[in-house]
Amino acid sequence: MIRMIVKDLRINPLRTGLTALSMFIGIVALIAGVLVGTLGRDYLEAVNARLSGRTPTYSAIIDVTSVAGMQTTMTLQERLAHFEPGSASAQYHLNDLAIWASSGDGGLEIRHVAVTVTDAERTRVMPAPIIEGAWLTAADKPATLETVVNENARQYVHDGTITLARTGNPQQVPARVNGVIVDGADEPVIYVNAAALQRYWPQAWTPDGLTILVHPDAGVDDRHAKTALDDLLADVGAGSVSSWNRSDNADEYEQVIDFLQLGVIVTAMLLLAVSAIGMINIGLAGIEQRSHELLIRRALGATRASIAAQVIGSSVLLSLIIALAAVLISASLVWMVPWMMPADSPLEPPAYPYTAAMIAAGASVATSLIGSLAPAIKAIRLQPALALR
Amino acid sequence: MNGASLIRLNHLSAEVRLPGGGRLTTVNDVSASFERGTSTAIVGKSGSGKTSLASIIGLLNADYNGTLSYDGRDCAAWNDADRSRFRCRHIGFVFQNYSLIPHLSAWENVALPLQYRGGIPMRTIRRRAVRMLHTVGLEDRADSMPSRLSGGEQQRVAIARALVGDPDLLICDEPTGALDTETGDMVAAILFRQVQELGVTLILVTHDPQLAARCERQLTIDRGRLS
């Protein structure tokens, strides 16, 4: 029977090829639909994560009692680095920090750019691709006053350093620039290592507030994360959480992405349906062409079941071959995506949507089965007596 | 001829529905028997009911009244699958216009009845098909496609296909009708020789009196009735 089925596929290579192509398009469209939806979601999440944190991120404003002391800050940083329910990063409010920049007449002037005093944990909450150098080092590691700048702040870096300033203070403090990141911000931003600032420029360490960004691990309830943070702050003696709000914007785009993904999948399903209708059409035309042959086969002893198996089998075998080819080709393309992505892409290399591929392959086989039923019924209804006519 | 009755027809009648809604009697109260190993020609004019009778005897048409029995077994109770299996094992057909399957080679055409029988390894099937082609003088054309064969060669392939399964009954519908006289004579000679050697019961449907005369018995059919 297998031999007959394979022979059937070779009767009309063009027809087989076109049927295969329509199946291939249907399967790839379904896989691509899921992949595009997933990549779109990942992209929006990644862009959003740069600006307002991974999904979900909570912003805790701390009612500060004391973060002026070095020991308190060090202990707080160490505890935040090992925060159990997720990732947590501190952002200290030091409003009078600025930089020295060229004034245009050859001199220097204080330039008020965004200066964020933070820690090494920040990228675990607000990821940003490092396109040059490295991120800030851990609290107990910095050997010097260190910073990281975004692409827009690169202009202020000279010989690997940037000169920090305080409003109304003539002091010029050079700080090493560890690296350059893509943080998604449109303006220059300078990230200063809080522990290093406190250690190497204690005069500037006058925090008047503290915000802790928390990204709970998957499955961790945000109330649990808040309680854990409260306990941590109480242990360290750094105050308590006065305000706890979700700061990422995922809620705003998740529905849009879900809708778009649904739209793409529905389109792909429609393509599969068109493929099935095409198969029925081609199948019926094929049976019309082959009716004399099928009558001869019936006269020679083929049962209705064997005729049906032959008609359905060739269609299903073709769909299996095409499904396998479509999965292999799409997997290869997904595997190549990381090589095609730019270095500063906010996206992680996508994972192959195995579930979608399995569903697409299953849908293709089901489509071929349904699409070949009508031709098979027509074939088994042929009256063998006509073989002698 | 061994005298044992292979097929019995008892008051067999069949009708076809006409496009206008009326009915046409194609086989009218036919009773006959066909002995094992004999050759019988069914002759008659076009539209006399020859092919209709042959299709009933060949179990291709189950829409009839009366009784048809093989080896004493009434076929009326058989379903479509039973009839297909019986055809596959016991009946060979030679059609008027060769009726070879165009995308199968000569040996693959000959092999079809054995493939539908099931349970025979492909190597054995091919060996038997090529051997049967050898008996009709076409072993060197085993891999040729039907389009590469002459009309006479195609009909010899069709004879090989009809005989490859060692059938008890061979039904030939105008086996030389599409061939010129010389080629037709050659094909008929092969057909009768094989039938004689294998002891097959032959029912030959023809309007060719010379071909019919080579059979042991002639039945004439007119408007569905045997005379």
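A brief look at the structure comes next. Keep in mind it's a predicted model, so treat the numbers as computed, not measured.

Rules used in this analysis
Residues numbered from 1 in each chain as written. Chains lettered and ligands numbered in written order. Predicted model: local features only at pLDDT ≥ 70, side-chain atom pairs only at ≥ 80, totals over all residues. Helix = DSSP H or I, 4+ residues; strand = E, 2+ residues; numbered from the N terminus. Contact = placed C-beta atoms within 7 Å. Buried ≥ 20, exposed ≤ 12 C-beta atoms within 10 Å, placed from the backbone. Pairing = 2+ DSSP bridges. Expected span 1.5 Å × (residues − 1). Nonpolar A, V, L, I, M, F, W, Y, C, P; charged D, E, K, R; others polar.

Describing the overall build of chain B
The number of helices and strands found in chain B is seven helices and ten strands. Within chain B, residue pairs in contact and separated by at least 24 positions form 72% of the contacts whose partners lie at least 6 positions apart.

Focus: the pairing of strand S7 (residues 146-150) of chain A
Residues and elements named next belong to chain A. The buried fraction of S7 amounts to five of the five residues, a majority that puts the element mostly inside the structure. Both faces of S7 are covered, namely the face carrying Glu146, Val148 and Asn150 and the face carrying Thr147 and Val149. Here five bridges tie S7 to strand S9 (residues 169-181), and the two strands are oriented parallel to one another. Note on S9: the bridge partner recorded for threonine 147 is valine 177. Where S7 and strand S10 (residues 189-193) come together, three bridges link them in antiparallel fashion. Within the sheet, the bridge partner assigned to threonine 147 lies in S10 and is valine 192.

A look at helix H5 (residues 151-163) of chain B
Residue and element names in this part refer to chain B. Taking 1.5 Å as the rise per residue, H5 with 13 residues should run 18 Å; its terminal C-alpha atoms sit 19 Å apart, in good agreement. Burial of H5 is extensive: twelve of the 13 residues sit out of reach of the surface. Residues Gly152, Glu153, Gln154, Gln155, Arg156, Val157, Ala158, Ile159, Ala160, Arg161, Ala162 and Leu163 constitute the buried set of H5. Contacts made by the buried residues of H5 are with strand S6 (91-94), helix H3 (106-117), helix H4 (122-135), strand S7 (169-173) and helix H6 (181-198).

Quick notes on the interface of chain A and chain B
Contacts between chain A and chain B engage 18 residues on the former and 22 residues on the latter. Where the side of chain A that touches chain B is concerned, the elements lending two or more residues are helix H1 (2-9), helix H8 (291-299) and helix H9 (304-340) of chain A. If one sorts the elements of the side of chain A that touches chain B by residue count, H8 of chain A sits on top with four residues. Class assignment of the residues belonging to the side of chain A that touches chain B gives a composition of nine nonpolar, three polar and six charged.

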